[in-house]
Amino acid sequence: MYLLSVLFSETSQYIYDRIDKEVHYFEKEGIVIEKYTEKQGKNECISFEVQTSSLKNYTKKDFGNIFKHYLANAFSDIIIQFEETKLARKILQEQYYYFSPVERESILGHLENVLKNEEYKYHEGVTYRISRKAKILQQIMDYLKENDFIHLDGFIRFRLKNYILELEDSVDKAVEDFLMEKEYNEFIRLLRYFVDIQEAKIDTVNVLIHEDGKYHLFDKLRRSVNNDYIEDLAAEMLDNDIGYDDLLISSLITIAPKKINIHFTGKIHNKEIIKTIKNVFSDRVNVCTGCDFCSLIQHVKQE
């Protein structure tokens, strides 16, 4: 009995394995599924038939519907795991052609994170996951209820238009993330340059970061670091509504210490500042996980 045919414009080992995985479920029950592969120009058509004599626990109609559901599950995975990257590359090539091939590959890396984050939605105080696969699977099943042949590329192009539009939006966000990262890296390189040309004004500095983002600087003898330029810088930056994070980075670059020990008076809420300090000063930075200085500060804080 004929079950279903699917036409691919491009195949891969992943596609064969993913389809075979679904077929094996039935073979374990003793159901004999016959698969035929045929070249049609540049396309490849895979057709499925079942030996009706092996259908012991199903009617022909019920098995046909169940088989379509299993294969639809495979097709939705193939779209997300195999076709989606090709679609994203095409979007980048057509809409962001001015990026180099290396830059476009980097954007694809950002796209993966964007797509993962976008599956989580917030509604009425509850965070829940909306699976892209579930939406695609439902549309494939709706189509296969009335059809026993599917051209996967054609289905994506004409039946999954909303999916394509959402993917284009996700690519746009990935490009934004890529540009922000590029700008950040250029900023870090500039700060590293300033650090490299600066003469160290102090050997070791202990940075004490408070939960509210404010900070204090101490030398290796745990004396407060006083520097007229830093104080003038702080006054100027705070007058211009520049935050404590930028002020801390500017202060550290000004004194360019050979070693930086970072301590906390409580939970650090902005972990980006630690990442930035590490990126700028690299192996000069040590993040303290607990020492006698931290204990002393905590004791004073509690009093």
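Caption draft 1: View of the packing of helix H2 (residues 60-95) against helix H5 (residues 152-159). Across the interface, H2 lies against H5 with an axial gap of 12 Å and an inter-helix angle of 75°. Looking at the two axes, H2 sits roughly perpendicular to H5. Contacts from Phe75, Ile78, Ile79, Glu83 and Leu87 in H2 reach Leu152, Asp153 and Ile156 in H5. Here the contact of H2 with H5 is composed, by residue class, of six nonpolar, no polar and two charged.

Caption draft 2: A look at the sheet that holds strand S7 (residues 204-209). Overall, mixed pairing links the four strands, which are arranged S8-S7-S9-S10 in an open sheet. Two strands in the sheet have a free side with no partner beyond their single neighbour: strand S8 (215-219) and strand S10 (285-287). Neighbour to neighbour, the strand axes of the sheet diverge by 20° on average, direction disregarded. Examined bridge by bridge, strand S9 (residues 259-264) and S10 share three bridges and lie parallel to one another. Its bridge partner being in S10, Ile260 is matched across the sheet by Val285. Strands S7, S8 and S9 of the sheet are contacted by helix H8 (residues 244-255), whose axis makes an angle of about 20° with S8. Sitting on the sheet, helix H9 (residues 272-281) is in contact with S7, S9 and S10, with an inclination near 150° to S10.

Reading guide: rules and limits
- Numbering of residues begins from 1 in every chain and follows the order in which that chain's sequence is written.
- With the structure being a predicted model, the display of local features is reserved for residues of pLDDT at least 70 and the display and counting of side-chain atom pairs for 80 or more, all residues being used for whole-chain, interface and lining totals.
- To get the side-chain values, all heavy atoms of the structure are used, and hydrogens and water are removed first.
- In this description, a line fitted to the C-alpha atoms serves as the axis of each element, helices being fitted only across the stretch in contact, and the angle between N-to-C directions of two axes falls anywhere from 0 to 180 degrees.
- Runs of H or I in DSSP of at least four residues are treated as helices and runs of E of at least two as strands, each being numbered from the N terminus.
- Geometric relationships in this document are graded by angle, where less than 35 degrees denotes roughly parallel, more than 145 denotes roughly antiparallel, 65 to 115 denotes roughly perpendicular, and other angles denote oblique.
- In what follows, a contact means two residues having at least one pair of non-hydrogen atoms within 4.5 Å.
- Note on residue categories: nonpolar means Ala, Val, Leu, Ile, Met, Phe, Trp, Tyr, Cys or Pro, charged means Asp, Glu, Lys or Arg, and polar means any other residue, Gly included.
- By the convention used here, strands pair only if DSSP detects at least 2 bridges between them.

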